[in-house]
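Observations on the three-dimensional arrangement
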Amino acid sequence: QVQLVESGGGLVQAGGSLTLSCAASGRAFSAYSAGWFRQSEGKEREFVAAIPFGGGSTYYEASVKGRFIISRARNTVSLQMNNLRPEDTAVYYCTAQHVGRGYEDRSTWGYWGRGTQVTVSS
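This section reports on the structure supplied with the text. No experiment lies behind these values; they were computed from the predicted model shown. (Residues numbered from 1 in each chain as written. Predicted model: local features only at pLDDT ≥ 70, side-chain atom pairs only at ≥ 80, totals over all residues. Heavy atoms only, no water.)

Topic: the environment of Gly-9
Where we set the bar: Labels follow the DSSP assignment, with helices taken as runs of H or I lasting at least four residues and strands as runs of E lasting at least two, numbered in each case from the N terminus. It only takes one pair of heavy atoms within 4.5 Å for two residues to be counted as in contact.
By the secondary structure assignment, Gly-9 is in the loop between strand 1 (3-7) and strand 2 (10-13). The spacing of Gly-9 and Ile-70 is 61 residues in sequence and 15 Å in space, taken between C-alpha atoms. Residue contacts for Gly-9: discarding those within four places in its chain leaves Leu-20, Thr-116, Gln-117 and Val-118.

The structure is reproduced here in structure tokens:
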């Protein structure tokens, strides 16, 4: 079993930066891919970024590419968010254990955190 707890959300002005962290419990975490999704009010939960279990290549949703950076350490996965925009406002969820194809498909992820709110003011 893996438990995921996000932190680092908050209120920031447009153009600012935030770094989200996800603390994972469970020895299996290091063997799993990890990622971030987000869900804004009235919308579906959408893919933001992913990183394989060994690190290395990273994957991003088009609107965040070049602004967000996903990274991982032993039992954490982080999302550095730069040049934030009001449309980045959402609850951000950490996820782990990807099985199958397509990081963008939320049904292919096994573990989820409870989320952390990010609000970007204009």
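Further notes follow.
Here's the deal with unusual backbone geometry
Most peptide bonds adopt trans geometry, and most residues besides glycine take a negative phi value. Formally: Residue burial is assigned from relative accessible area. The probe radius is 1.4 Å, only protein chains are included, and a residue is buried under 20% of its type maximum, exposed over 50%, and partly exposed in between.
Positioned with a positive phi, Asn-83 is a non-glycine residue whose angle comes to about 50 degrees. Within the secondary structure layout, Asn-83 lies in the loop between strand 8 (76-81) and strand 9 (90-98). For Asn-83, a relative accessible area of 41% gives the class partly exposed. For Gln-97, which is not glycine, the phi dihedral falls at a positive 70 degrees. Its location among the elements puts Gln-97 in strand 9.

Some remarks on the state of the cysteines
We apply this condition: When two cysteine sulfur atoms lie within 2.5 Å, the pair is treated as a disulfide.
The final tally for this structure, using the stated rule, is one disulfide. The disulfide bridge from Cys-22 ends at Cys-94, spanning 2.1 Å between sulfur atoms. Torsion about the S-S bond of the Cys-22 and Cys-94 cystine: about -80 degrees, corresponding to left-handed handedness. In this pair, Cys-22 is assigned in strand 3 (residues 18-25) and Cys-94 in strand 9, connecting sequence segments 72 residues apart. The exposure classification of Cys-22 matches that of Cys-94, with both residues buried.

Section: the side chain of Thr-116
The cut-off we apply is this: N or O atoms within 3.5 Å of each other form a polar contact, as long as, within protein, one can give a hydrogen and the other can take it, and as long as residues adjacent in sequence are counted only when both atoms are side-chain atoms.
Looking at where Thr-116 falls in the secondary structure, it is placed in strand 11 (residues 116-121). Looking at Thr-116, the relative accessible area reads 12%, which means it is buried. At 3.2 Å, the side chain of Thr-116 and the backbone nitrogen of Gly-9 are in polar contact. What Thr-116 contacts, discounting residues up to four positions off in sequence, is Glu-6, Ser-7, Gly-8, Gly-9, Leu-20, Ala-90, Val-91 and Tyr-92.

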